[in-house]
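# Architecture and fold: a report
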Amino acid sequence: MKLNEHEKIIIVHFGELWLRGQNRNVYIKKLASNMREILYGEDIRIDRLYDRFLIRLGRDADLESIKKKLGYVFGISNFEIAYITKPEIKAICSLGEEMLEGLDGKIVKISSHRTYKELPFDSIEIMDKLATAAKKMGLSLSNKGFDVELRINVTKDAAFCSCEKTSAPGGLPVGSSGKGVVLLSGGIDSPVAAWYAMKRGVEPIYVHIHGYSSTDEALKSKIPEITKILDRYSPGSKTYYLPSHIFQLGAIKAGRYELILLKAFMLMIAEKIAEKEGAVMIFTGESLGQVASQTPSNLAAEQNGVEMPVLRPLIGFDKQEIIKMAKQIGTYELSILPYKDVCSINSKNPKTYTDIGRMKLLKKETKLKSIVSRTLKSGYISE
Ligand code: ATP
Ligand code: MG
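Report follows, based on the coordinates. All values derive from a computational prediction rather than experimental measurement. Counting restarts for each chain, with residues numbered from 1 along the sequence as it is written. All chains are assigned letters beginning with A, and all ligands numbers beginning with 1, in the order in which they are written. Reporting in this predicted model follows two pLDDT cut-offs: at least 70 for local features of residues, and 80 or more for side-chain atom pairs to be given and counted; totals over whole chains, interfaces and linings ignore these cut-offs and use all residues. As a convention, hydrogens and water are excluded, and side-chain values are obtained from all of the structure's heavy atoms.

On to the sheet that holds strand β3 (residues 52-57). The rule for pairing is simple: two strands pair if DSSP sees at least two bridges between them. Only runs of H or I of at least four residues qualify as helices and only runs of E of at least two qualify as strands under DSSP, and these elements are numbered from the N terminus. Judged by pairing direction, the sheet is mixed, and its eight strands sit side by side in the order β2-β3-β1-β4-β8-β7-β5-β6 without closing on themselves. Each edge of the sheet is formed by a strand with only one pairing partner; in this case those strands are β2 (44-49) and β6 (140-141). By the bridge criterion, five bridges tie strand β1 (residues 8-13) to β3 in an arrangement that is antiparallel. Within β3, the residue paired with Ile 10 across the bridge is Ile 55. Contact definition: two residues touch when any of their heavy atoms are within 4.5 Å. Between N-to-C directions, angles cover 0 to 180 degrees, with each direction set by a line fitted to C-alpha atoms, over the stretch in contact for helices. Strands in contact with helix α1 (residues 24-38) are β1, β2 and β3; relative to β3, the strand with the most contacts, it is inclined by about 20 degrees. Across the sheet, helix α3 (residues 89-101) is in contact with β4 (78-85), β5 (107-114), β7 (148-154) and β8 (159-167); its angle to β8 comes to roughly 40 degrees.

What follows is the structure, given as structure tokens:
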């Protein structure tokens, strides 16, 4: 790899991936391909240098856009905007001094780290020389309460100087934990649950049950807009749109159990789609006790008969915590727009305790299996 003197680059660090033993390279390859996909269209090249990626910027590279997109890539713990020089003390100090000159009026921390130890100088020497230069320039130095950190990293092939570091979401690269079906509503919670599933490496397949009379209407709703935001983190995910009318007609008998039966119906649909898509988990945005329908017995009853694990990443979250995350993820403003969710149609005064035997009986009486297969036949997949 040819590195140009004083070339401006982005260094990408992948924290947790180092814990992954023998599979490490599989995770790193996945991360590289996800980065390429998310940064598609940007004028860049991605190279790997030991335990980091270097993003080389082309002439037309839009740095702000690239930085924004890197913030969507799970598996990256942080990234730095850096300049390159030779792994020689003179070159490092000269670049470091040049960067210090731009930090006038700031309190500066200087740190240095050698990844390659077989060099005739050490980190202390670099820091001492740069500290002396900084004092001559009249800069204040401090390891606590500083405004900017000038970070030097020396490898065998090159040294990097950076004073801009940005946190990224961490976690594992999307797809490295296989596929999962996410039951996606128009509400605040399920997009956040999808985000947490993706954060742990799950490639999402969204399933939405809509109350419209046609797929066209569902596709004009806010749901595709929500999946578009979630696509920033995992481009090109599939969404299944399925109508609720077959269920609505069949479930009239369920009375105050209708909402629990609707959830059971959704989980059965999700399981069938998961099997077809090679997914092994189902995710929902439920959190214990958040609404009357989300009691322990209701959660147990709705998933009775579903063999696939039903995971609820938000189970211990307070609503305020979920809202804060939804704002960060970018789905909140869409989620609060009015929407005729099938759950809100059915949610008047639901039972807070559901006996599993009672649930089994209701499923039989309403012929829920047949409702599921008929609904699956009238679904639509958006890719
Ligand atoms: P959310 O904010 O995600 O809608 P909620 O607090 O409104 O959640 P419910 O309406 O009871 O709670 O929904 C619980 C979960 O059921 C949702 O998080 C989602 O996973 C699933 N769900 C609800 N409505 C739908 C729907 N129309 N299509 C698919 N899944 C749904
Ligand atoms: Mg809801």
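Don't stop here, the text continues.
Our focus in this paragraph is the layout of surface pockets. Of the voids in this model, the largest pocket is the one considered here, and its volume is about 710 Å³. Each cavity reported here is a set of points on a 1 Å grid over the protein atoms alone in which a 1.4 Å probe fits but cannot get out, each pocket an open set with protein on both sides within 12 Å along at least five of seven lines, and each lining residue one with an atom within 4 Å of a point. Along the wall of the largest pocket there are 35 residues; nearest its centre are Ser 185, Lys 263, Gln 294, Asp 341 and Cys 343. Within the residue set of the lining of the largest pocket, elements represented by two or more residues are α5 (189-199), β10 (203-210), α9 (258-277) and α13 (342-346). Element by element, the count of residues in the lining of the largest pocket is highest for α9, at four residues. Classifying every residue of the lining of the largest pocket by side-chain character gives 15 nonpolar, 13 polar and seven charged. Grid points are joined across faces, edges and corners, and a volume is the space filled by probe spheres set on the points. Here the nonpolar group is Ala, Val, Leu, Ile, Met, Phe, Trp, Tyr, Cys and Pro; Asp, Glu, Lys and Arg are the charged ones; every other residue, Gly included, is treated as polar.

Running from amino to carboxyl end, α5 crosses helix α11 (residues 319-329) at an angle of 70 degrees, the nearest separation of the two axes being 9 Å. Taken as axis vectors, α5 and α11 run roughly perpendicular relative to one another. Of the residues in α11, those touching α5 at Asp 189, Val 192, Trp 195 and Tyr 196 are Lys 319, Ile 322, Met 325, Ala 326 and Ile 329. For the contact of α5 with α11, the per-class residue count stands at seven nonpolar, no polar and two charged. Angle categories are assigned with fixed cut-offs, so that under 35 degrees is roughly parallel, over 145 is roughly antiparallel, 65 to 115 is roughly perpendicular, and the rest are oblique.

Turning next to the site of ligand 1. Close to ligand 1 lie 21 residues, the nearest being Leu 183, Ser 185, Asp 189, Ser 190 and Lys 263. Polar contact is the term for a pair of N or O atoms within 3.5 Å; when the atoms are in protein, one must be able to donate a hydrogen and the other to accept it, and sequence-neighboring residues count only if both atoms are side-chain atoms. Here an oxygen atom of ligand 1 and a side-chain polar atom of Ser 185 are 2.4 Å apart. The protein chains shown are the only cover counted for residues, whose accessible areas, like all others here, come from Shrake-Rupley with a 1.4 Å probe. Relative to its unbound accessible area of 570 Å², ligand 1 is 91% covered by the protein chains. By definition, a pocket or cavity contains a molecule when more than half of the molecule's atoms lie within 2 Å of the pocket's grid points. A molecule is said to occupy a pocket when more than half its atoms come within 2 Å of that pocket's grid points, and by this definition ligand 1 occupies the largest pocket. Those elements that place two or more of their residues in the shell around ligand 1 are α5, β10, α9 and α13. Per-element accounting of the shell around ligand 1 gives the leading share, three residues, to β10. A molecule or strand has a residue near it when one of that residue's heavy atoms lies within 4 Å.

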